[in-house]
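Fold and geometry: a report
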Amino acid sequence: MDERVTGEPDSAVFAEDIRLVIWDMDDTFWHGTLEEGDVFIPESHARLIKELARRGIVSSICSKNDLSRVRERLEAEGLWDWFVFPAVAYTNKSGLVRTMLEQMGLRAPTALFIDDNAFNRGEVGELVDGINVASEHIIEHLFDHPQLRGKPDPDLARLERYRVLQEKQGEIAAADVKEDFLRSCEIKISFHFDIEANFERIHDLVNRTNQLNFTKNRWDPDLAVARAAYEKQVRTEHVRHAAYVKVRDRYGYYGICGFYEASRHNHLEHFLFSCRAMNMGVEQFVFQTLGFPSFKLAKPVAGVLERKQLVDWISVVEDAGEEEAPAQKSDVLLCMHGPCEMAQSSHYLRPYMDLEEKFQYPRQGWGIMPLVRNVLLADELAQRRISSLKKLGLTRDFGGIDLSTLGSRFFSREVDAMVLSFSMEKKTGLYRNRRTGLVFPLSIVSFNQHDFTSYPYDLIKEHRPVKAGDYAQVARNFDKLTAEEYESVFAEDIKLLAEKVEALGRPLIVVEPFDNTDLIDRHAYRLARGLNKQIRSVFDGIANVSFIRFADCISSRDKEVSANHFQRSCYLDLANLIRAEVARLIAEGEIVPSRRVASGVKANATGHGGLLRRIGAAIRRLRL
């Protein structure tokens, strides 16, 4: 027995379960040598490659022969089409095998090379790291070998996928410029969020994918245990988001080819793709669609992710499983402004439109909050020609105010519409700057957002990395507004904002915070009910303002994870409602992306024909 396979032929142990069998022809697959005359193909060998294909295990050829004669002989037996990526040439076999594995996107430990010639076995075994090699004596034992059981594939879907890939690789080799070829492939992908419905396939991807698995975090090998853990995570961790990716091109449909899952702060815990999608640019396209999230690279990996917009030959469709699925990404640039529900729903919007995101974030222990006050402060500072913290009496490195976040491109006509949530209003203290009289929101993350100055610094520093100098600067330069002053400033702010929105004439979509106290009775939701009523009283009647009730996305009490935080399916539903509203505005001519594109702001996607109808259908089958 060859040294690269443990045990005798009837008890051989391979490095991993086999997914590809590479056959020598002369005196291996057939009896005899083709150059010396006719050869005989045992019926058992023909039955074996067909049975392996029905198990999802494909066969290839590596033979020192004349390709046309090998093909002619196999076609005479009706066997040629049962092989993929044939490598027939008078050259060293190790190079042929390495190229074959690279083109097929398979790892050597999942391949079995069979050859009667000891030199060929030694060469391939030595120079193709990790591959399994064996003599022709192994053949009679393969039919019942436990590592060649594969998975039932009666429709020969895996064999067909490799036929398609073989055709593509041939065209890639003939193309002058690879990117031109990829553009001609009409590659389409779709994002799907019903992970539980396809959990078995995704479980298989997570635990078996290696070459294009950038993270290599595995799930429990037991399917039931992994499913239970995932379902618990969905119920309890609202900050996570995940999707699987389907892929199609003009050659065919490849099924579910990718999966990603991100945790808090959009950090990727899983980012992986099947070898079916290798060399298509899918992984880079998904990475840039997600906004270049952080991740810990787990080497080795057969690909590189760049923090650049590199791939422009892939389009997003509603479902790549449908042959005639139209493109879904529109030219719309949407400004998302608000706290958790905006941040969480944005994950489900990025594949379909471009977003400018203004969400709350931590900065040196402070919380930078996306409030109406911050939108209006940009005008107030500009009117007073204030462009630095120094003019507020603050040092340049003061962490509690980030001047770069003030204002909104919405009012400079650089975006098509704004989606705005007021749910963080009245939860953050307002402070009047003594030098200028201007009012600023100031907050220390999760630490008495109303008035952190009521606590001594020594207590705060135990919990948050706020610098002592910053804390002292607030006391020297600001006075906290009373509750009455706060209400007065807020009432004036929303009135001024409404006037600006009406004068601009571009769509504002207001997402109302959850306020269904009949379903869940909390003090926070009773306050939200009053806030929503106040906002409606100001914005109702403005033609370019519409409303979405977040409460419509929460169907039962158990959807709540904690106060103001809900299961991820609620944020998916909110994203679908936003998509539907954007589609309505496009259909009615309220959003005309070309106006914004003409002004010089880049839009990078395809059209939106029929978007309203398709989004309406998506809403009716909201994926929970």
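This section reports on the structure supplied with the text. These numbers come from a predicted model, not from an experiment.

**A short note on the overall build of the chain**
Across its full length, the chain holds 18 helices and 23 strands. Taking the principal axes of its C-alpha atoms as reference, the chain extends roughly 100 × 55 × 45 Å. When each of the 624 residues of the chain is scored for burial, the buried share is 55%. Counted over contacts in the chain with a minimum sequence separation of 6, partners at least 24 positions apart contribute 70%. The positive charge centre, built from 84 side chains, and the negative charge centre, built from 92, are 8 Å apart in the chain.

**Thoughts on the sheet that holds strand β16 (residues 417-421)**
The strands that make up a sheet pair up through hydrogen bonds in the backbone, lying either parallel or antiparallel. Pairing in this open sheet of 5 strands is parallel, and the strands run β13-β12-β16-β20-β21 from one edge to the other. Unpaired on one side and paired on the other, β13 (354-359) and β21 (545-549) mark the two borders of the sheet. With direction set aside, neighbouring strand axes in the sheet form an average angle of 20°. In terms of strand pairing, strand β12 (residues 333-338) meets β13 through 6 bridges, oriented parallel. Residue pairing for β13: H337 is matched across the bridge by K358. Docked against the sheet, helix α15 (residues 523-539) engages β20 (508-512) and β21, running at close to 160° with respect to β21. Across the face of the sheet, helix α16 (residues 568-587) comes into contact with β12, β16, β20 and β21 while running at roughly 155° to β21.

**Description of the nonpolar core**
Counting 68 residues, the largest nonpolar core has I189, F271, V286, L334 and F550 as its most contacted members. With 9 residues, α16 is the single largest residue contributor to this core. In contact with V286, not counting residues within four places along its chain, are I189, F191, V245, Y260, F271 and F273. In terms of nonpolar packing, the next biggest core, distinct from the first, is built from 57 residues, W23, I138, I139 and L148 among them.

**Considerations on the packing of aromatic side chains**
Here the structure, examined in full by the defined rule, presents 28 aromatic pairs. Considering the side-chain rings of W219 and Y230, the 5.7 Å spacing of their centres and the 50° angle between planes classify their relative orientation as tilted. Remark: Y230 occurs in helix α8 (residues 223-236) and W219 occurs in the loop between α7 (199-208) and α8; sequence separation between them is 11 residues. On the basis of relative accessibility, which here comes to 4%, the residue Y230 falls in the buried class.

**Observations concerning the pairing of strand β8 (residues 252-263)**
Burial of β8 is extensive: 11 of the 12 residues sit out of reach of the surface. As judged from the 9 bridges shared by strand β7 (residues 241-249) and β8, these two strands associate in the antiparallel manner. Among the inter-strand pairings, A242 is bridged to a residue of β8, identified as E261. With 6 bridges connecting them, β8 and strand β9 (residues 267-273) associate as antiparallel partners. Note on β9: the bridge partner recorded for Y260 is F271.

**Section: the sheet that holds β9**
Taking strand neighbours across the sheet as the criterion, the 6 strands line up as β10-β9-β8-β7-β6-β11 in an open arrangement whose pairing is mixed. Bordering the open sheet on either side are β10 (294-295) and β11 (314-316), each of which pairs with just one other strand. Contacts between helix α5 (residues 157-174) and the sheet are confined to β7 and β8, with β8 contributing the most and set at about 95° to the helix. α7 rests against β7, β8 and β9 of the sheet, and its axis sits at about 75° to β8.

Conventions adopted
- Each chain carries its own residue numbering, running from 1 in the direction its sequence is written.
- Reporting in this predicted model follows two pLDDT cut-offs: at least 70 for local features of residues, and 80 or more for side-chain atom pairs to be given and counted; totals over whole chains, interfaces and linings ignore these cut-offs and use all residues.
- By convention in this description, side-chain values take in all heavy atoms of the structure and omit both hydrogens and water.
- The secondary structure listing takes helices from DSSP runs of H or I that are at least 4 residues long and strands from runs of E that are at least 2 residues long, numbered from the N terminus.
- Note on exposure labels: buried denotes an accessible area under 20% of the residue type's maximum, exposed denotes more than 50%, and partly exposed covers the range between, all computed with a 1.4 Å probe on protein chains only.
- Residues are treated as being in contact if the distance between any of their heavy atoms lies within 4.5 Å.
- The convention is simple: Lys and Arg are positive, Asp and Glu are negative, and His and the chain ends are not counted.
- All charge positions are set by atom: Lys at NZ, Arg at CZ, Asp at CG, Glu at CD.
- A pair of strands is considered paired only if DSSP assigns at least 2 bridges between the two.
- Whenever a helix is involved, its axis is fitted only over the stretch in contact; in every case the axis is a line through C-alpha atoms, and angles between N-to-C directions fall within 0 to 180 degrees.
- By convention a nonpolar core is built from buried Ala, Val, Leu, Ile, Met, Phe, Trp, Tyr and Cys residues, the set being connected through side-chain atoms within 4.5 Å.
- Between 30 and 60 degrees the pair is tilted, below 30 it is stacked and above 60 it is edge-to-face, where a pair is any two Phe, Tyr or Trp rings, Trp via its six-membered ring, whose centres lie within 6.5 Å.

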